[in-house]
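Observations on the model geometry
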Amino acid sequence: MATQHDDSQSHKAPNPQVDTSTSAQSTQSAHSASDDFTMEDAKQTAKKAAHKATTWLDKTFPGKSNAILFAFCGLLAAIAFIAIGFWRSLLLIIFVVAGYAFGQSLDGKPTIINFVKRTLKDLFSSRNHR
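Okay, so let's go over this structure. (Residues numbered from 1 in each chain as written. Predicted model: local features only at pLDDT ≥ 70, side-chain atom pairs only at ≥ 80, totals over all residues. Heavy atoms only, no water.)

1. Focus: helix H4 (residues 86-107)
Taking 1.5 Å per residue, 22 residues should reach 32 Å; H4 reaches 31 Å between its end C-alpha atoms and fits that length. Two residues or fewer after H4 comes Gly108, characterised by a positive phi angle close to 90°. (Helix = DSSP H or I, 4+ residues; strand = E, 2+ residues; numbered from the N terminus. Expected span 1.5 Å × (residues − 1).)

2. Comments concerning the environment of Ser89
Topologically, Ser89 is positioned in helix H4. A C-alpha to C-alpha distance of 9.5 Å links Ser89 and Ile79, two positions 10 residues apart in sequence. Not counting residues within four places of it along the chain, the set of residues in contact with Ser89 comprises Ala80, Phe81 and Ile84. Polar contacts involving the side chain of Ser89 include one to the main-chain carbonyl oxygen of Ala80, which spans 3.0 Å. (Contact = heavy atoms within 4.5 Å. Polar contact = N/O pair within 3.5 Å; in protein donor to acceptor, adjacent residues only side chain to side chain.)

3. Digging into the layout of surface pockets
Approximately 200 Å³ is the volume found for the largest pocket. Around the largest pocket, the lining residues are Leu76, Ala77, Ala80, Phe81, Ser89, Leu92, Ile93, Val96, Val97, Tyr100 and Ile112. Taken together, the elements giving at least two residues each to the lining of the largest pocket come down to helix H3 (65-84) and H4. Looking at which element gives the most residues to the lining of the largest pocket, the answer is H4, with 6 residues. (1 Å grid on protein atoms, 1.4 Å probe; cavity = no way out; pocket = protein on both sides within 12 Å on 5 of 7 lines; lining within 4 Å. Points joined across faces, edges and corners; volume = space filled by probe spheres on them.)

4. Describing the packing of aromatic side chains
Going through the model one piece at a time under the given rule, you end up with 3 aromatic pairs. Between Phe81 and Phe86, the ring centres sit 5.5 Å apart and the planes meet at 45°, which makes this aromatic pair tilted. The exposure class of Phe81 is partly exposed, given its relative accessible area of 33%. Arranged with centres 4.9 Å apart and planes meeting at 80°, the rings of Phe86 and Trp87 form a pair that is edge-to-face. (Phe/Tyr/Trp six-rings, centres within 6.5 Å; stacked < 30°, edge-to-face > 60°. Buried < 20%, exposed > 50% of the residue type's maximum accessible area, 1.4 Å probe, protein only.)

5. A few points about the packing of H3 against H4
Two elements in contact, H3 and H4, have axes whose closest approach is 7 Å; the angle formed by their N-to-C orientations is 130°. The orientation of H3 relative to H4 falls into the category oblique. For the element pair H3 and H4, the recorded crossing hand is right-handed. The residues of H4 that touch H3, namely those facing Ala80, Phe81 and Ile84, are Phe86, Arg88, Ser89, Leu90 and Leu92. Grouping the amino acids of the contact of H3 with H4 by side-chain chemistry returns 6 nonpolar, 1 polar and 1 charged. (Axes fitted to C-alpha atoms, helices over the stretch in contact; angles between N-to-C directions. Parallel < 35°, antiparallel > 145°, perpendicular 65-115°, else oblique. Left-handed = near helix turned anticlockwise from the far one by under 90°. Nonpolar A, V, L, I, M, F, W, Y, C, P; charged D, E, K, R; others polar.)

Structure (structure tokens):
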């Protein structure tokens, strides 16, 4: 003797009342928070990501993190050589290094530019003394 009951009402999901003014304010505050993202925030985010990556490399490949990092750079260079050719890849590398050097000079630490200056000075001063 099974009793039947009408459970058609029990399977219906409740219809919550949504306050649209609250959700609009939260959306607006989310946009204003993302507008406040500064260059300093970007630098901190990049530093955290780099720290996580180097920590992972050190844990995964103890004592070999630089070898793995440069092997990956070599892989990228090989893919570029195959995909776009040697000379275009070389030009791309030159532009990347020049952009990096320019960024260093804007940061106040022009190590690549100083290296090039020192190398050219040594190169040309040694030729004059021969």
